[in-house]
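What follows is each chain in one-letter form.
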Amino acid sequence: MSTIIFPSPVYGPVHSRRLGLSLGINLLPGDGKICNFDCLYCEIGFNKDGFTRTKHPSRAAVAEALGRQLEQMHRDGRQPDVLTFAGNGEPTSHPHFAEIIDDTILLRDKWCPQAKISVLSNATFIGRKAVREALLRVDNNILKLDTVSNDYIRRVDRPTQPSYDVEKIIANMKLFKGRLIVQTMFMKGDGTDNTGDDFVNPWIETLKEIKPQSVMIYTIDRETPDHNLQKATPQELDGIRDRVTAAGIPCTASY
C-alpha cells in the first residue's frame, strides 16, 4: 500500500482540487500519523502503521518555517492561493493551535495578503472554546461530517474515543452560526455506502439545521488503506450536490 506522510511543519505547495495552490501546514510529527480518527479511506494510512518518534512541532518552529517559506515564495513571485492546516492527523489537537492560527494570520498578512487560511478538521475538538474561536478567525473553517449515523462513523471514520457522538458534533457545529464549511466524503465498497437516500436525506436535513456557508462533497482521490473501497460516481455526487443546492446551501462536488 502506498501512503502519504507529510513533512512537518510546512510542505508543498501542492495543487488542491478544491482549494487551488495550497501551502500545507502540518502540526503533527513529520514521521508518522497521529489522529483520533482512523478512517478507512485516509491517504496517510491506518493509525497502527503510523508510529512516530518525533514530537509535535512547537509554535515557534511552525512560525519560523512558515515565515521562511512565504518569504521565499514572495521573492519568487509565486503566491499561494491558500494556507491549509492538514497533514498527518487532526490539526486542532495541537496544544497551541489557537496561538499558531494567530501567528499564521500575521505572516499571511505580511507576505501573501490575498491568500486564504483553511483548516481541514474532523470537528472533534470544536467543543473547546479556544479552538472554536480560532476557527472563527480563519477564512475557510472546513469541518467533516460524513454522515449523521453514529454506526456508519464508527465503521468508516472509526473515532478512537469511545465517547464520540455525532449529535454532539452537530450541536457544536451550530455554535458557529453559519461560519463554517461542511465537508463530506461519499464512497462505496467494503460494506460502506453513504450515497443512498437513507444516508443523504437525514444528512441534508441536518445541513439545514447547521446552516453552513457552503458544503464540499468529494470522493476518493488517492489510494486508500482499505483497498476494497470504491469512488462515488460523478452522477451520484452531482445528484447529491444538486439536492443540497436546492435546499438553499451552496455546494461543490469534487470527483
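Colleague: Can you help me understand the environment of Ile-142 in this one?
Modeller: Examined against the element boundaries, Ile-142 turns out to sit in strand S5 (residues 140-144). Along the chain, Ile-142 and Thr-92 lie 50 residues apart, while their C-alpha atoms are 12 Å from each other. Once residues lying within four places of it in the same chain are set aside, the contact partners of Ile-142 are Leu-19, Ser-118, Val-119, Leu-120, Ser-121, Ile-181, Gln-183 and Met-216.

Colleague: Quick question: what am I supposed to make of the pairing of strand S6 (residues 181-185) here?
Modeller: Consecutive residues of a regular strand have side chains that alternate between opposite faces of the sheet. The element S6 is largely enclosed, with a buried count of 5 among its 5 residues. Of the two faces of S6, both are covered, the one formed by Ile-181, Gln-183 and Met-185 as well as the one formed by Val-182 and Thr-184. The pairing of S5 with S6 spans 3 bridges and is parallel. When the sheet's bridge partners are listed, Ile-142 is paired in S6 with Ile-181. In this sheet, strand S9 (residues 214-218) lies alongside S6 in parallel orientation, the contact comprising 5 bridges. Considered in S9, the bridge of Val-182 is made with Val-215.

Colleague: How should helix H7 (residues 234-246) be read in this particular structure?
Modeller: Over its 13 residues, H7 extends 18 Å from the first C-alpha to the last, a length consistent with the 18 Å expected when each residue adds 1.5 Å. Along H7, the positions that sit buried rather than exposed are Leu-237, Ile-240 and Val-244. For H7, the buried positions fall inside an angular range of 65° around the axis, keeping them on one side. Within H7, the exposed residues directed more than 90 degrees away from the buried face are Gln-235 and Ala-246. Residues of H7 that are buried in the fold lie against helix H6 (197-210), S9 and strand S11 (251-254).

Colleague: Can you help me understand the layout of surface pockets in this one?
Modeller: In this approach a probe as big as a water molecule rolls over the atoms, and the regions it shows empty are the leftover space. If you add up the space inside the largest pocket, you get close to 960 Å³. The wall of the largest pocket is formed by 40 residues, among which Arg-18, Glu-43, Ala-86, Leu-120 and Arg-222 lie closest to the centre. Looking at the lining of the largest pocket, the elements that each hand over two or more residues are strand S1 (10-16), strand S2 (20-26), strand S3 (82-86), strand S4 (116-121) and S6. Take the lining of the largest pocket: its biggest share by element is 4 residues, from S1. Grouping the constituent residues of the lining of the largest pocket by class yields 17 nonpolar, 13 polar and 10 charged.

Colleague: Any chance you could explain the sheet that holds S3 here in plain terms?
Modeller: Backbone-to-backbone hydrogen bonds pair the strands of a sheet. The strands run either parallel or antiparallel. What the 8 strands build is an open sheet, ordered S1-S2-S3-S4-S5-S6-S9-S11; its pairing is mixed. Looking at the sheet topology across the chains shown, the edges are occupied by S1 and S11. The sheet shows a mean angle of 25° between the axes of neighbouring strands, direction not considered. Of the pairings in the sheet, the one linking S4 to S5 comprises 4 bridges and is parallel in character. Each bridged residue has a counterpart across the sheet, and for Ser-118 the counterpart in S5 is Asn-140. In the packing of helix H2 (residues 97-111) onto the sheet, contacts are made with S2, S3 and S4, and the angle to S4 comes to roughly 155°.

Here is what the cut-offs are and how they apply
- Residues numbered from 1 in each chain as written.
- Predicted model: local features only at pLDDT ≥ 70, side-chain atom pairs only at ≥ 80, totals over all residues.
- Heavy atoms only, no water.
- Helix = DSSP H or I, 4+ residues; strand = E, 2+ residues; numbered from the N terminus.
- Contact = heavy atoms within 4.5 Å.
- Buried < 20%, exposed > 50% of the residue type's maximum accessible area, 1.4 Å probe, protein only.
- Pairing = 2+ DSSP bridges.
- Expected span 1.5 Å × (residues − 1).
- Arc of directions from axis to C-beta.
- 1 Å grid on protein atoms, 1.4 Å probe; cavity = no way out; pocket = protein on both sides within 12 Å on 5 of 7 lines; lining within 4 Å.
- Points joined across faces, edges and corners; volume = space filled by probe spheres on them.
- Nonpolar A, V, L, I, M, F, W, Y, C, P; charged D, E, K, R; others polar.
- Axes fitted to C-alpha atoms, helices over the stretch in contact; angles between N-to-C directions.

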